[in-house]
Amino acid sequence: MALVATDPLPRHADAGVVLNGSIIGQRTRLAGAMTLLQQQKLDQLLVSIPDFSNWDQPVAPVARQYLERKYGDEAAVRVEFCETGPEVNSTEQEAKVLLACIRTHHWNSVAIVTSDYHTRR
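The following paragraphs examine the structure supplied in this document.

1. Remarks on the layout of surface pockets
There is about 710 Å³ of room inside the largest pocket. Along the walls of the largest pocket sit 24 residues, with N20, I23, Q26, P50 and V59 positioned nearest its centre. Elements that contribute at least two residues to the lining of the largest pocket include exactly α1 (23-38), β2 (42-49) and α2 (59-71). Here the lining of the largest pocket takes six residues from α2, the largest share from any one element. Within the lining of the largest pocket, the residues separate by chemical class into 14 nonpolar, eight polar and two charged.

Shown next as structure tokens:
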């Protein structure tokens, strides 16, 4: 059984879902997803983030500023955040929270943007 699919991406998806992780991993996945967004292969992005940083500061405003600075307002406005909360500490728990966020948007198709090691979990 293959753990990593090598199938080509669909021509288009309603949204891309970016999984959380290490700083380097998160930025890499986000950059890949933003490329797909800019190529119009995705209409929107849903980015998994913790609700608060290690220093008890809300993450969403800082993440929004980063996106605006790095990718521009036009792209940043097409990004939604899914705050996972402190109880999420596994890929399985993150998937459950993300599924709830996805359902609120009523998207018909999503592309998960992740790293190879996430699929092995």
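2. Overview of the side chain of S48
Position of S48 relative to the elements: it lies in strand β2. Note on S48: relative accessible area 0%, which makes it buried.

3. Some details on α1
Taking 1.5 Å per residue, 16 residues should reach 22 Å; α1 reaches 22 Å between its end C-alpha atoms and fits that length. Looking at α1, one finds that the buried residues are G25, Q26, R29, L30, A33, M34, L36 and L37. Looking straight down α1, one finds its buried side chains confined to an arc of 160°; they lie on one side. With respect to the buried face of α1, the exposed residues turned more than 90 degrees away are I24 and T28. Residue Q40 follows α1 closely and has a positive phi angle near 60°.

4. Some words on the state of the cysteines
Counted by the stated rule, this structure contains one disulfide. Across a sulfur-sulfur distance of 2.1 Å, C82 and C101 are joined as a disulfide pair. Here the S-S torsion is close to 75°, and the disulfide linking C82 with C101 is therefore right-handed. Of this pair, C82 sits in strand β3 (residues 79-83) while C101 sits in helix α4 (residues 91-105), and the two are 19 residues apart along the sequence. With respect to burial, C82 and C101 carry one shared label: buried.

How each quantity is defined
- Residues numbered from 1 in each chain as written.
- Predicted model: local features only at pLDDT ≥ 70, side-chain atom pairs only at ≥ 80, totals over all residues.
- Heavy atoms only, no water.
- 1 Å grid on protein atoms, 1.4 Å probe; cavity = no way out; pocket = protein on both sides within 12 Å on 5 of 7 lines; lining within 4 Å.
- Points joined across faces, edges and corners; volume = space filled by probe spheres on them.
- Helix = DSSP H or I, 4+ residues; strand = E, 2+ residues; numbered from the N terminus.
- Nonpolar A, V, L, I, M, F, W, Y, C, P; charged D, E, K, R; others polar.
- Buried < 20%, exposed > 50% of the residue type's maximum accessible area, 1.4 Å probe, protein only.
- Expected span 1.5 Å × (residues − 1).
- Arc of directions from axis to C-beta.
- Disulfide = S-S within 2.5 Å.

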